[in-house]
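A look at the structure
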Amino acid sequence: TLVNAIVGEVIVPTGVLPTTAHIDVLRFGPRRAAQLHLEDGTIEEIALRDVKKRVKSDDGSIDHIEYLYPHPILRRVNFWDTPGFNALDDDHERRAGEALERAEAIVWVLDATQALAQTELSHLERIHSPRERLVVVVNKTDRLADGEVEETLAHLAKALDGLGFVGIYAVSGLR
């Protein structure tokens, strides 16, 4: 939802529950399309509207998905959307961990209604050079009552004190 809000159009599938099972890379492309990079090294290009259906029927053959989109921001940066930690699937954990190690910058998105579980904190503590590359984003702030956003940000600042990060920002990907 947040990446879609940044580019101003729904590109990456979203849902009420976490939907990312693969590493999704949103990068510049001359036309809107998705490239499914399969485990065997082949690439299957499909229309964006068909991604959700294709992923749902995946038999484990998809390694990662690249979403091509002609947005000027994507000429300078690629967004990687990874499966979250605490997933039921060990492969999701592995993929997220590998992406975390490779990232030049990390936008760690937390759900405002359940910001910062102990397991998330343990992952954050393992990030090298967080002061230079970690931005914490608290999403879904539209679900909080008046005053709760400030309380949540204060709680996070205290919990992350000493860790080091670029900043903590409250957003609503829907808005």
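Residues numbered from 1 in each chain as written. Predicted model: local features only at pLDDT ≥ 70, side-chain atom pairs only at ≥ 80, totals over all residues. Heavy atoms only, no water.

Comments concerning the pattern of salt bridges
- Evaluated as defined, the whole model comprises 6 salt bridges.
- Salt-bridge contacts for Glu 9 lead to Arg 32; the nearest nitrogen and oxygen are separated by 3.1 Å. Here Glu 9, found in the loop between helix H1 (2–7) and strand S1 (23–28), pairs with Arg 32, found in the loop between S1 and strand S2 (33–38); they are 23 residues apart in sequence, far enough to count as distant.
- Among the ionic pairs, Glu 66 bridges to Arg 27, the shortest N-O distance being 2.5 Å. Of this pair, Glu 66 sits in strand S4 (residues 62–69) while Arg 27 sits in strand S1; the two residues are 39 residues apart in sequence, bridging distant segments of the chain.
- We classify Glu 66 as buried; its relative accessible area is 13%.
- Looking at Arg 27, the relative accessible area reads 25%, which means it is partly exposed.
- Through salt bridges with shared partners, a single network forms among Glu 44, Arg 54 and Asp 58. (Salt bridge = Lys/Arg side-chain N within 4 Å of Asp/Glu carboxyl O. Helix = DSSP H or I, 4+ residues; strand = E, 2+ residues; numbered from the N terminus. Buried < 20%, exposed > 50% of the residue type's maximum accessible area, 1.4 Å probe, protein only.)

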